[in-house]
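Residues per chain are reported as follows:
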Amino acid sequence: MSLGDQCFISYKLNWYETIGRAVVKNYYVDAVNTDESYGRCGFVYEAGDLYFQGFRGNHIHIPSDIKINNL
């Protein structure tokens, strides 16, 4: 958000009550510059052991305000 405030990037945040059947009640980044989420595809983080990188267990959806706690 700081980069957006400084006009280095543009972004779009959207509030979601649910994603599928999961209750999330949080903001998610849906666009950064010209890259925009589409359907169920969007911006995600990988967290955990490198052995499980890619789609082998670490591909999780984390809202924008949780990332700082996940470093």
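Heads up: the structure comes first, above all this text.
Residues numbered from 1 in each chain as written. Predicted model: local features only at pLDDT ≥ 70, side-chain atom pairs only at ≥ 80, totals over all residues. Heavy atoms only, no water.

Colleague: Mind showing me how you'd approach unusual backbone geometry here?
Modeller: Excluding glycine, residues mostly have negative phi values, and the peptide bonds linking residues are mostly trans. The backbone phi angle of Lys 25 is positive, close to 45 degrees, even though this residue is not glycine. Note that Lys 25 resides in strand β2 (residues 22–32). Unusually for a residue other than glycine, Asn 33 sits at a positive phi of about 55 degrees. Within the secondary structure layout, Asn 33 lies in the loop between β2 and β3 (35–36). The partly exposed category is assigned to Asn 33, whose relative accessible area is 43%. (Helix = DSSP H or I, 4+ residues; strand = E, 2+ residues; numbered from the N terminus. Buried < 20%, exposed > 50% of the residue type's maximum accessible area, 1.4 Å probe, protein only.)

Colleague: Before we go on, may I ask you to explain the pattern of salt bridges in this structure?
Modeller: Two side chains bearing opposite charge may form a pair once their charged atoms approach each other closely. Inspection of every chain in the model, using the stated rule, returns one salt bridge. Of the charged contacts, one joins Glu 36 and Lys 12 as a salt bridge, the two residues approaching to 2.6 Å between their closest N and O atoms. You can see Glu 36 sitting in strand β3 and its partner Lys 12 sitting in strand β1 (residues 11–19), a full 24 residues away along the chain. (Salt bridge = Lys/Arg side-chain N within 4 Å of Asp/Glu carboxyl O.)

That's the geometry; what it means functionally is another story.
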